[in-house]
Amino acid sequence: MEKTKREEGQKTGRWARWSSRAYLSLALAAVVLTVRTCCPGAVETVRDVLGLGEGGRTRAAFAELRDALSDGESVVAAFAESYQALAGETP
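Residues numbered from 1 in each chain as written. Predicted model: local features only at pLDDT ≥ 70, side-chain atom pairs only at ≥ 80, totals over all residues. Heavy atoms only, no water.

Draft legend 1. Representation of the overall build of the chain within the structure. Check the secondary structure of the chain and you find four helices and zero strands. Looking at the 91 residues of the chain, the share that counts as buried comes to 12%. In the chain, once contacts between residues fewer than 6 apart in sequence are set aside, the share between residues at least 24 apart is 24%. Total accessible area on the chain stands at roughly 7700 Å², and carbon and sulfur atoms take up 62% of it. (Helix = DSSP H or I, 4+ residues; strand = E, 2+ residues; numbered from the N terminus. Buried < 20%, exposed > 50% of the residue type's maximum accessible area, 1.4 Å probe, protein only. Contact = heavy atoms within 4.5 Å. Areas by Shrake-Rupley, 256 points an atom, 1.4 Å probe, with all protein chains shown as cover.)

Structure follows, in structure tokens:
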């Protein structure tokens, strides 16, 4: 059987999408590794801004979520507590 142009185009399109995603992932990994190696101060600044440091809100929110779910609370209540920690509100 002969392949139609459409079938050949679909295979080419899939390959192009896959290779594009792979190259993008490799480029992103290279940028992250370069920044981590060359600018360690920038990494700490980003962590602080995102709240990922030791006393950050993001870390506290995930700890609240983990603790609430492990204690058997409902998912809605756990997310509510987690959001309050992330927003800096007191329960």
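Draft legend 2. Structural view of the packing of aromatic side chains. Evaluated as defined, the whole model comprises one aromatic pair. Between tryptophan 15 and tryptophan 18, the aromatic rings sit 5.4 Å apart at their centres with planes inclined by 20°, giving stacked as the arrangement. One end of the pair, tryptophan 15, and the other, tryptophan 18, are both in helix α1 (residues 5-38), three residues apart, so they sit about a helical turn from each other. Residue tryptophan 15 shares its accessibility class with tryptophan 18, and that shared class is exposed. (Phe/Tyr/Trp six-rings, centres within 6.5 Å; stacked < 30°, edge-to-face > 60°.)

Draft legend 3. Main features of helix α4 (residues 75-87). Between its first and last C-alpha atoms α4 spans 18 Å; for 13 residues at 1.5 Å apiece the expected length is 18 Å, and the two agree. All of the buried residues in α4 are Ala78, Ser82 and Ala85. Down the axis of α4, the sector holding all buried residues measures 60°, keeping them to one side. Across from the buried face of α4, at angles greater than 90 degrees, the exposed residues are Val76 and Tyr83. Contacts from the buried residues of α4 go to α3 (57-70). Directly beyond the C-terminal end of α4, a positive phi value near 80° is found at glycine 88. (Expected span 1.5 Å × (residues − 1). Arc of directions from axis to C-beta.)

Draft legend 4. A look at a nonpolar patch on the surface. The grouping of Val46, Val49, Leu50 and Leu52 at the surface amounts to a nonpolar patch, some 370 Å² of accessible area in total. Looking at the element boundaries, leucine 50 is found in helix α2 (residues 40-50). (Patch = residues over 30% accessible without salt bridge, like charges linked within 9 Å, V, L, I, M, F, W, Y side chains within 5 Å. Salt bridge = Lys/Arg side-chain N within 4 Å of Asp/Glu carboxyl O.)

Draft legend 5. Just the side chain of threonine 58, in detail. Mapped onto the elements of the fold, threonine 58 is located in helix α3. With near-sequence residues (within four places) excluded, threonine 58 lies in contact with Leu50, Gly51, Leu52 and Leu86.

Draft legend 6. Expanded view of the pattern of salt bridges. Evaluated as defined, the whole model comprises two salt bridges. In this structure, arginine 47 and glutamate 44 form a salt bridge, with 3.7 Å as the shortest nitrogen-oxygen distance. Taken together, the residues span about one helical turn, with arginine 47 and glutamate 44 both in helix α2 at a distance of three residues. When the shortest N-O distance is used, the salt bridge between aspartate 67 and arginine 66 registers 3.5 Å. Since its relative accessible area comes to 36%, aspartate 67 is described here as partly exposed. According to the relative accessible area criterion, arginine 66 is exposed, its value standing at 53%.

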